[in-house]
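So you can see what is in the structure, the chains are spelled out below.
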Amino acid sequence: MASGKPTNPEIDNDMECSSPESGAEDAVESSSPAPAPSSRFKGVVPQPNGRWGAQIYEKHSRVWLGTFADEESAARAYDVAALRFRGRDAVTNYQLPLAVEGASSSSTSELAFLADHSKAEIVDMLRKHTYADELRQGLRRGHGRAQPTPAWAREFLFEKAVTPSDVGKLNRLVVPKQHAEKHFPPTTAAATGSNGKGLLLNFEDGEGKVWRFRYSYWNSSQSYVLTKGWSRFVREKGLVAGDTVTFSRSAYVMNDTEEQLFIDYKQKNKNDEAADAAKNEAGHAAVKLFGVDIGGGEMAGSSG
DNA sequence: CCCTGTGTTGAA
DNA sequence: TCAACACAGGGG
């Protein structure tokens, strides 16, 4: 009974519901070209080459939503199509009110976005894997202001627990070399414009606000660092030693020439509201819905 | 030549 | 409505 299918449509807003990690899969006999693992997700079908297809049915015929590298992506595609084709009550693989920190309105906005496009257009976006990007564009245009990129459209890169010096007077964040070299653009002379001043990187935070940091390599300490702009981020977010900053990028890269990067943070422990409030930041109300985020790990009983 | 996605069938 | 299966035909 119930062979693995997620009976619960709501799989929570977990970014990486990594399950295929089960390992110990079974030595697949090469006699069968396609093991046909049969997807755990609704609307997802295995492809001969190991990829996954997404499809939805309407009026006796199938609407193909494209092929994807992983089941999750295909499941997302199906969900979007289901929303557009069958409305908000459609049964989906994931909890559709795509949990975005900023607002309860994001899901509403997405519904509006869907309503503003024909089924064919939505299907086309899904097939071309441009839906996330188009959605963002649409939200910007319609809403008139920056909207945070939903967590599901982000790909976790790495995170770091900030040290006292990272949030101190040095006005810099040391980026672990290993991660810097793997995920950030190279700080070569060509990229930096032949001066050793590093380059400027844009990071979108959880509120959709874009931060620009100077990123460079310090020969003196053999370290990669974020400098100019960093102290402002620390100040505005109220970062303290022990907090964690998380870096991610758009999961749907159009062109590698300018990939979108994201930065978020997680407080070591939730409180300090009083302290933060005491700072009388007139800029904005403290947005503390960041607990729900990528790369985190499961939140222990958020129902509180 | 590989992969997509359509044709098709049987089950829910 | 849905997924399993087979493989034509398209695109590189």
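Not measured: the values here are computed from a predicted model.

A.B. asks: Provide a residue-level description of the confidence of the model for chain A, including the pertinent values.
C.D. replies: Confidence along chain A averages 72 in pLDDT terms, with 63% of residues attaining 70 or more. For residues 1-35, every residue scores under 50 in pLDDT, and the model assigns this stretch 37 contacts once sequence neighbours within four places are set aside. Contacts of residues 99-105 to residues separated by more than four positions or lying in other chains number 12 contacts, the stretch itself having pLDDT below 50.

A.B. asks: Kindly report on the protein's contact with DNA strand B, identifying the contributing residues and their values.
C.D. replies: Q47, P48, N49, R51, R62, W64, G66, T67 and R127 make up every residue found near DNA strand B. Here the atoms of DNA strand B within 4 Å of the protein split so that 49% fall in sugar or phosphate, with bases taking the remainder. Within the side chain of Q47, one N or O atom sits 2.7 Å away from a base nitrogen of DNA strand B. Between DNA strand B and the protein, one listed contact pairs a phosphate oxygen with a side-chain N or O atom of N49 at 2.8 Å.

A.B. asks: Account for the sheet that holds strand β10 (residues 261-266), with residues named and values stated.
C.D. replies: Within the open sheet, the 7 strands sit side by side as β4-β9-β10-β6-β7-β8-β5. Their pairing is mixed. The open sheet has two free edges, formed respectively by β4 (154-161) and β5 (173-175), since each of these has just one partner strand. Across the sheet, the mean angle separating the axes of adjacent strands is 35° when strand polarity is ignored. Summarising the sheet, strand β9 (residues 244-250) and β10 pair through 6 bridges and their orientation is antiparallel. Each bridged residue has a counterpart across the sheet, and for F247 the counterpart in β10 is I263. Against the sheet, helix α7 (residues 230-237) touches β5, β7 (210-218), β8 (223-226), β9 and β10, its axis set at about 130° to β7.

Conventions used here
Residues numbered from 1 in each chain as written. Chains lettered and ligands numbered in written order. Predicted model: local features only at pLDDT ≥ 70, side-chain atom pairs only at ≥ 80, totals over all residues. Heavy atoms only, no water. pLDDT = per-residue confidence, 0-100. Contact = heavy atoms within 4.5 Å. Near = heavy atom within 4 Å. Polar contact = N/O pair within 3.5 Å; in protein donor to acceptor, adjacent residues only side chain to side chain. Pairing = 2+ DSSP bridges. Helix = DSSP H or I, 4+ residues; strand = E, 2+ residues; numbered from the N terminus. Axes fitted to C-alpha atoms, helices over the stretch in contact; angles between N-to-C directions.

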